[in-house]
Amino acid sequence: MSNIEKYTQAFCQAFDIDEETAKKLKFQDIPAWDSVGHMGLVAQLEEAFDIMLEPDDIVDLSSFEKGKEILAKYDITF
C-alpha cells in the first residue's frame, strides 16, 4: 500500500467517511472531527506510519492537506 493510500485510509477509518470526503476534509467540517475524533485520527496516523507526532504537529493538523505537510517532516513522502 502506498503512503497516500495509508494516509487516506487513516482518515476514512478515523471518521468513517469515504475517500472523496477525506480528501477535502478540514477540522470540524464533520461532527466526527471534534477533539476526541482528532486524537483518534492522530492514533491512526501514528500507527499507519510507525511514528510519534510532536504535540505542535498534533495541534497543527487541521486538514487533509495540512496533514501531508506535517508528515513530510517525518520523511513521509506522497
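Given the structure is predicted, the values throughout are model-derived calculations rather than measurements. (Residues numbered from 1 in each chain as written. Predicted model: local features only at pLDDT ≥ 70, side-chain atom pairs only at ≥ 80, totals over all residues. Heavy atoms only, no water.)

### Thoughts on the packing of aromatic side chains
And then number 1: One pass over the full model with this rule turns up nine aromatic pairs.
And then number 2: On the basis of an interplanar angle of 55 degrees and a centroid distance of 4.7 Å, the ring pair of Tyr7 and Phe64 is categorised as tilted. With Tyr7 in helix α1 (residues 3-15) and Phe64 in helix α5 (residues 64-72), this pair connects stretches of sequence that are 57 residues apart.
And then number 3: When the centroid spacing of 5.6 Å and the interplanar angle of 85 degrees are considered together, the rings of Phe27 and Trp33 count as edge-to-face.
And then number 4: Cluster of aromatic residues (ring-pair linked, three or more members): Tyr7, Phe11, Phe15, Phe27, Trp33, Phe49, Phe64 and Phe78. (Phe/Tyr/Trp six-rings, centres within 6.5 Å; stacked < 30°, edge-to-face > 60°. Helix = DSSP H or I, 4+ residues; strand = E, 2+ residues; numbered from the N terminus.)

### Description of α1
And then number 1: Taking 1.5 Å of rise per residue, 13 residues should cover 18 Å, and α1 covers 19 Å from first to last C-alpha, within 8% of that figure.
And then number 2: By the burial criterion, the buried members of α1 are Tyr7, Thr8, Ala10, Phe11, Cys12 and Phe15.
And then number 3: Looking at the packing, one finds that the buried side of α1 touches α2 (19-24), α3 (35-49) and α5. (Expected span 1.5 Å × (residues − 1). Buried < 20%, exposed > 50% of the residue type's maximum accessible area, 1.4 Å probe, protein only. Contact = heavy atoms within 4.5 Å.)

### As for α5
And then number 1: If you check which residues of α5 are buried, you get Phe64, Gly67, Ile70 and Leu71. For α5, the arc enclosing every buried residue in end-on projection is 110 degrees, short of the 170-degree limit, so these residues lie on one face.
And then number 2: Considering only its buried residues, α5 is in contact with α1, α2, α3 and α4 (55-60). (Arc of directions from axis to C-beta.)

### Some words on the pattern of salt bridges
And then number 1: Tallied over the entire structure, the rule returns three salt bridges.
And then number 2: Measuring nitrogen to oxygen at the nearest pair gives 2.7 Å for the salt bridge that ties Lys73 to Asp57. On the criterion of sequence distance, the pair formed by Lys73 in the segment after α5 and Asp57 in helix α4 is long-range, its members being 16 residues apart.
And then number 3: Classification of Lys73 as exposed rests on a relative accessible area of 55%.
And then number 4: The class of Asp57 is buried, set by a relative accessible area of 5%.
And then number 5: Here Glu69 and Lys66 are joined by a salt bridge, their closest N and O atoms 3.5 Å apart. (Salt bridge = Lys/Arg side-chain N within 4 Å of Asp/Glu carboxyl O.)

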